[in-house]
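Geometric and topological summary
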Amino acid sequence: MTIETELDELLPELDLIEDPDLRAGVREAWLSAIEETEIESLETLPWFPPVQRKLDLPNETLLSHVRDVTGCAVALAETLSGRRGAEINMDTLVAGALVHDVSKLYEFDGTDATPVGALLGHPYYGVHVVARAGLSVEIAHIVLAHTRRTNVEPATIEAAIVRRADEAAAAAIRLEAVSDLRDAV
Ligand SMILES: [Fe+2]
């Protein structure tokens, strides 16, 4: 199986993106990261090695988390656009959710932090990865503002939704290890 086919199988939410150029850009962001970091298995890539070590959650994977975040983001957006008529760009939202952690591939080499992980961090480096793939500033903003690891607050509804979706999805992982989330900070 080619890495392109594996990516499409592991991230079926790519099909939710209506604009073919945008879908191609999201795939390009992932494929360039895969190629550059020479990862061997996309399916078994870990979610967040230091937290997984601390909480003894060795089997959590990045791609499963990305799917959780995308699903949560779509559900939040559908509720807010349906009930309040909030204007949400679903293509931007889905694309942003799908690439929000793409640069985590550069953060760890096995369990060790790389210079990208130690000196930059994935939300900052992610801006470079998605911009290089031709994705918009709005999508780069989603990547930059999706975590408290930067001090950039979400400026758009799409970025606000992805940030909350990421927090909820990460909490669901942490709940595998603790019964009180305050014990898993
Ligand atoms: Fe995430």
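Residues numbered from 1 in each chain as written. Predicted model: local features only at pLDDT ≥ 70, side-chain atom pairs only at ≥ 80, totals over all residues.

On to the overall build of the protein. Helices and strands together make up the secondary structure of the protein, namely nine helices and two strands. Walking the protein from its N terminus toward its C terminus, one meets helices and strands in the order α-α-α-α-α-β-β-α-α-α-α. A total of 185 residues make up the protein; the buried ones form 34% of that total. Residue pairs at least 24 apart in sequence account for 60% of intrachain contacts in the protein once pairs closer than 6 positions are excluded. (Helix = DSSP H or I, 4+ residues; strand = E, 2+ residues; numbered from the N terminus. Buried ≥ 20, exposed ≤ 12 C-beta atoms within 10 Å, placed from the backbone. Contact = placed C-beta atoms within 7 Å.)

This part covers helix α9 (residues 157-174). With 18 residues, α9 should reach 26 Å at 1.5 Å per residue; the first-to-last C-alpha distance of 26 Å fits that figure. Buried within α9 we find Glu 158, Ala 159, Ile 161, Val 162, Arg 163, Ala 165, Asp 166, Ala 169 and Ala 170. Against α4 (62-84), α5 (90-99) and α8 (137-144) lie the buried residues of α9. (Expected span 1.5 Å × (residues − 1).)

The biggest cluster of nonpolar side chains holds 43 residues, and the ones touching the most others in it are Ala 29, Ala 73, Val 99, Val 130, Val 162 and Ala 165. Per-element accounting of this core gives the leading share, seven residues, to α4. The contacts of Ala 165, once residues within four sequence positions are left out, are Val 69, Cys 72, Ala 73, Leu 76 and Ala 97. (Core = buried A, V, L, I, M, F, W, Y, C linked by C-beta atoms within 7 Å.)

Describing two packed helices takes the angle between their axes plus the distance from one axis to the other. Interhelical geometry of helix α7 (residues 122-132) versus α8 gives an angle of 160° and a closest axis separation of 8 Å. Put simply, α7 runs roughly antiparallel to α8. Pair α7 / α8 crosses with right-handed handedness. Contacts from Pro 123, Gly 126, Val 127, Val 130 and Ala 131 of α7 reach α8 at Ile 139, Ala 140, Val 143 and Leu 144. Class assignment for the residues of the contact of α7 with α8 results in eight nonpolar, one polar and no charged. (Axes fitted to C-alpha atoms, helices over the stretch in contact; angles between N-to-C directions. Parallel < 35°, antiparallel > 145°, perpendicular 65-115°, else oblique. Left-handed = near helix turned anticlockwise from the far one by under 90°. Nonpolar A, V, L, I, M, F, W, Y, C, P; charged D, E, K, R; others polar.)

Attention shifts here to unusual backbone geometry. With phi around 55°, Glu 38 is a residue other than glycine that occupies positive phi space. Looking at Glu 38, the number of C-beta atoms within 10 Å reads 8, which means it is exposed. A positive phi is found at Asp 56, a non-glycine position, where the angle reads about 55°. Within the fold, Asp 56 resides in the loop between α3 (49-55) and α4. Under the C-beta neighbour-count criterion, Asp 56 is labelled exposed, with 8 such atoms within 10 Å.

Here we come to α7. Residues of α7 that are buried include every one of His 122, Pro 123, Tyr 125, Gly 126, Val 127, Val 129 and Val 130, and no others. In this structure, the buried side of α7 is in contact with α2 (20-37), α5, α6 (115-120) and α8. Count one or two residues on from α7 and you reach Gly 134, which has phi positive near 85°.

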